[in-house]
Amino acid sequence: MFSKILIANRGEIAVRIIKTCRRLGIRTVQVYSEADAGSLAVEMADEAVLIGPAPANQSYLLADKIVDAVRQTGAEAVHPGFGFLSENAGFARRLRDEGIVFIGPHPEAIDAMGDKISSKKLAAEAGVSTVPGHMGLIETPDEAVRIANEIGYPVMIKASAGGGGKGIRVAHSDADMAEGFAAVKAEALGAFGDDRVFLEKFIVDPRHIEIQVLGDKHGHVVHLFERECSIQRRNQKVIEEAPSPLLDEATRAAMGAQAVALAKAVNYDSAGTVEFVAGQDKSFYFLEMNTRLQVEHPVTELITGVDLVEQMIRSAWGEKLAFEQKDLAIDGWAIESRIYAEDPYRGFLPSIGRLVRYDQPEEGPHPDGYTVRNDSGVREGDEISMFYDPMIAKLCAWGPTRDAAIDGMARALEDTHLQGVGHNVPFLAAVMDQPRFRSGHISTSYIKDEFPDGFHGLAPDRRQTDILIAAAAAMNEILTELSGDPSGRTDWIVLIGQDAHGVTLSYDDDEALTLDLAGEDRALQLADIDWRPGLAQFRATLDGEPFTAEVARVADGFVIRHRAARARVRVLTPAVAALYARLPEKQAADTSKLIQSPMPGLVVAIPVAAGQEVKTGETVAIIEAMKMQNILKAERDGVVKAVSAKAGDPVAADDVLVEFE
């Protein structure tokens, strides 16, 4: 077995690889950019080598730097993780020529399957069902429009070298095609150094299901069943699960057989993923093959017990697979939530900055029957950089059934607390609580369907309202006691927004707090209270069921969030509550005449000038952030009064770019 492996990646996947290497007794070398000098991966690795400045094209994407680091440290092999050079056949070939082992498939397989156009042709030859489309390269917007009309709208525009949700647009018209074609080519060139584009038919109401395959250098290939990846935003996976609630045994076997056949056609010898688009009728079509480890691989590991990183290392060393297809079985259900530094209340825009607080859920089996795994590459105090993907962690929950896994994930999300950057934990919790997700009737349009006007949180249900009341009353009691208030008051009004709830408090012999609700003929029992001033999480059991709420003290009360329900809560005397009811609501500032940057980033272009008339839907600015181009359009007709930025300018969130008269 290898004695030393170099990790040509960063963040949580680097940490993930280090953990497996430690278990196998393999020393690790972590390469890092200047931005990652103090990272968790650098701290955990046995050795670390600086390879350049923060931008990936000056560090993690430079094969020469990686090879130099291998030579410097005496590493025998390179694990590329995912992204960066993981699917670069030239890099894999370079390592082979240098006598360095690439922990991934051989370069000919990457060449054959890494290119989406050639892979579809190979898939068709191997008997794999494929999506209708145009597999040849397309050079001009006019040619793209002509071909799209032949295929029939809607049509998906995809970068041939794309991955990670980048370089993809859906066009519903000629205008969409012309604009989207240019945007995809630009994104593809910037992210992958390859601007080739192809088109394929967009399947309406589709599901995204993928098959994990694993091969060795002796001709053996197996599949480790499927993952459902339909909960997506901007073609970026957000929530994944294994197995899929759609598939029956026959469909699962058919998809697995096709994936294995495709892998064998190119003598695949590592971990890889064959992705399919599936109809609600269980029809399925080949999309692409990712010749690398997937971000969502933990859910497969949780239901099979197979460490995919270990198997990649063993395959690269030349070992035969230690199991056959008949030895593999699905055990339970697993769900992964990708926790991103992005603000769901502002259209999921990237958020950068320092993680001031990061409380993580306890990993391992829990008494309630679920198991938590949290793959994270950052710690409290770390910086979320604008140079890389804004992922903070991959939070996973396993349960014996799908409902148990969902319940476990919801509780794990409750136990996750982040401060310093915007994050999508409330949104992820909302999905876990939605009846449609729990039913399993999902599609890739789920987020757009369920949150057509964006995410603004969910209204509290009855239990969440009880949690808000009980938590606020308990915190108020604790603060009152600490302040030495001699009044001994037990009757309060709890205001949630403008809704008033009268409560009378008392304690039983076990120090549990009883809250009698005025006019409702019922009482709440709050026990096992774990909170003191300064803590950002309030833990307790309400009527015997445990919960965790995120809490913050404000001038006249608390802001409390339980999952996706967030509210300003005040605990007042009846007399003061009556005065609050008369206060007018504050009006929001009018920003309707401003085009503001929705995120920190770089101005690519502002194609308007002062005095110019602009029509609804016209592009007024293009901002690049996290390797994605974001096109800002006019929401109404108007005349430009002023332009406040130019191409190349760095901008912060909410910076004014264009002002209208």
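Preceding this paragraph is the structure being described.
Rules used in this analysis
Residues numbered from 1 in each chain as written. Predicted model: local features only at pLDDT ≥ 70, side-chain atom pairs only at ≥ 80, totals over all residues. Heavy atoms only, no water. Helix = DSSP H or I, 4+ residues; strand = E, 2+ residues; numbered from the N terminus. Rg over C-alpha atoms; globule rule 2.2 N^0.38 Å. Contact = heavy atoms within 4.5 Å. Areas by Shrake-Rupley, 256 points an atom, 1.4 Å probe, with all protein chains shown as cover. Salt bridge = Lys/Arg side-chain N within 4 Å of Asp/Glu carboxyl O. Buried < 20%, exposed > 50% of the residue type's maximum accessible area, 1.4 Å probe, protein only. 1 Å grid on protein atoms, 1.4 Å probe; cavity = no way out; pocket = protein on both sides within 12 Å on 5 of 7 lines; lining within 4 Å. Points joined across faces, edges and corners; volume = space filled by probe spheres on them. Nonpolar A, V, L, I, M, F, W, Y, C, P; charged D, E, K, R; others polar. Axes fitted to C-alpha atoms, helices over the stretch in contact; angles between N-to-C directions. Parallel < 35°, antiparallel > 145°, perpendicular 65-115°, else oblique. Left-handed = near helix turned anticlockwise from the far one by under 90°. Pairing = 2+ DSSP bridges. Expected span 1.5 Å × (residues − 1). Phe/Tyr/Trp six-rings, centres within 6.5 Å; stacked < 30°, edge-to-face > 60°. Patch = residues over 30% accessible without salt bridge, like charges linked within 9 Å, V, L, I, M, F, W, Y side chains within 5 Å. Core = buried A, V, L, I, M, F, W, Y, C linked by side-chain atoms within 4.5 Å.

## What to know about the overall build of the protein
Looking only at helices and strands, the protein features 17 helices and 40 strands. Compactness check: the protein gives a C-alpha radius of gyration of 27 Å against a globular reference of 26 Å for 661 residues, within 12% of the reference. In terms of overall dimensions, the protein has a C-alpha envelope of 80 × 65 × 50 Å along the principal axes. Sequence-distant contacts, at least 24 apart, represent 64% of the contacts inside the protein between residues at least 6 apart. Here the protein has roughly 26,800 Å² of accessible surface; of this, 50% comes from carbon and sulfur atoms.

## A closer look at the pattern of salt bridges
What the rule picks out here adds up to 60 salt bridges. The closest approach of N and O atoms between R27 and D46, which form a salt bridge, is 4.0 Å. Of the two residues, R27 sits in strand β2 (residues 27–33) while D46 sits in the loop between α2 (40–44) and β3 (47–52), which places them 19 residues apart along the sequence. A salt bridge links D466 to R522; the nearest nitrogen and oxygen atoms lie 2.9 Å apart. Of this pair, D466 sits in helix α16 (residues 462–483) while R522 sits in strand β28 (residues 522–530), placing them 56 residues apart in sequence. For D466, a relative accessible area of 7% translates into the label buried. In the salt-bridge network here, residues are joined through shared partners; they are R16, R23, E301, D307, E310, R314, E319, R373 and D375.

## What to know about unusual backbone geometry
Residues Y153 and P154 are joined by a peptide bond in cis, for which omega reads 0°. Along the chain, the position of P154 falls in the loop between α7 (141–151) and β7 (155–163). For the bond from A242 to P243, the omega torsion is -5°, close enough to zero to count as cis. Counting through the fold element by element, P243 comes out in the loop between β12 (236–242) and α9 (249–265). If you check the backbone angles, R234 has positive phi at about 55° while not being a glycine. Considering the arrangement of structural elements, one finds R234 in the loop between β11 (221–233) and β12.

## Regarding empty space enclosed by the protein
Using the criterion set out here, one finds two cavities of 30 Å³ or more in the structure. Approximately 30 Å³ is the volume found for the second largest cavity. Forming the boundary of the second largest cavity are E414, T548, A549, E550, R561, H562 and R563. When contributions to the lining of the second largest cavity are tallied by element, the ones reaching two or more residues are β30 (545–554) and β31 (557–562). Sorting elements by how many residues they give to the lining of the second largest cavity places β30 first, with three residues. Of the residues that constitute the lining of the second largest cavity, the class distribution is one nonpolar, two polar and four charged.

## Looking at the packing of helix α12 (residues 402–414) against helix α13 (residues 425–433)
Packing of α12 against α13 brings their axes to within 9 Å, and their N-to-C directions diverge by 155°. In terms of orientation, α12 and α13 fall into the roughly antiparallel class. The hand of the α12/α13 crossing is left-handed. Facing α12, whose interface residues are I406, M409, A410 and L413, α13 presents V425, L428, A429 and M432.

## Considerations on the sheet that holds strand β38 (residues 638–643)
Pairing is antiparallel in the open sheet, where four strands are placed in the order β33-β40-β38-β35. Every other strand in the sheet has two partners, leaving β33 (594–596) and β35 (613–614) as the edge strands with one partner each. Relative to β38, β35 is paired through two bridges, and the arrangement is antiparallel. Looking at the pairing, E613 lines up with V639 of β38.

## Considerations on α9
Here α9 contains 17 residues, and its C-alpha end-to-end distance of 24 Å stays within 8% of the 24 Å for a straight helix at 1.5 Å per residue. Of all the residues in α9, the buried ones are T251, R252, M255, G256, Q258, A259, V260, L262 and A263. Elements in contact with the buried residues of α9: α5 (107–114), α6 (116–125), β10 (207–215), β11, β13 (271–278) and β14 (284–290). At the exit of α9 stands N267, carrying a positive phi of roughly 55°.

## A closer look at the pairing of β10
Regular strands have side chains that alternate between both faces of the sheet. Among the nine residues that make up β10, nine are buried, leaving the element largely enclosed by the rest of the structure. Alternating residues of β10 divide into R207, I209, I211, V213 and G215 and H208, E210, Q212 and L214, and every residue in both groups is buried. Sheet topology note: the β10/β13 ladder contains eight bridges and is antiparallel. Within β13, the position partnered with H208 by the bridge is V277. Both β10 and β11 contribute to a ladder of six bridges, which runs antiparallel. If you follow G215 over to β11, its bridge partner there is V221. Hairpin connection from β10 to β11: five residues lie between these consecutive antiparallel strands, with G219 at a positive phi of about 90°.

## Digging into the packing of aromatic side chains
Applying the stated criterion to the full structure yields twelve aromatic pairs. Aromatic pair F387 and Y388: ring centres 6.4 Å apart, planes at 55°, arrangement tilted. The class of Y388 is buried, set by a relative accessible area of 3%. Centre to centre, the rings of F538 and F547 are 6.1 Å apart; their planes meet at 25°, and the pair counts as stacked. Judged by relative accessible area, F547 falls into the buried class, the value being 1%.

## Re a nonpolar patch on the surface
A surface patch of nonpolar side chains, about 240 Å² in accessible area, is lined by I352, M386 and F387. Along the chain, M386 turns up in the loop between β22 (383–384) and β23 (391–399). For M386, a relative accessible area of 38% corresponds to the partly exposed category.

## Some remarks on the layout of surface pockets
Empty space among the atoms becomes visible once a probe the size of a water molecule is rolled across them. In this structure, the second largest pocket spans a volume of roughly 340 Å³. Only α12, α13, α16 and β30 provide two or more residues apiece to the lining of the second largest pocket. Looking at the lining of the second largest pocket element by element, the count peaks at four residues for α12. A breakdown of the residues in the lining of the second largest pocket according to their chemical character gives five nonpolar, two polar and ten charged.

## Examining the nonpolar core
Judged by nonpolar contacts, the single largest core of 40 residues is most densely connected at I239, I392, F427, M432 and F437. Elements with a minimum of two residues in this core: β12, β15 (333–340), β23, α12, α13 and α15 (446–450). Top contributing element to this core by residue count: α13, with seven residues. Ranked by size, the runner-up nonpolar core spans 35 residues in total, among them C21, A41, V222 and F323.

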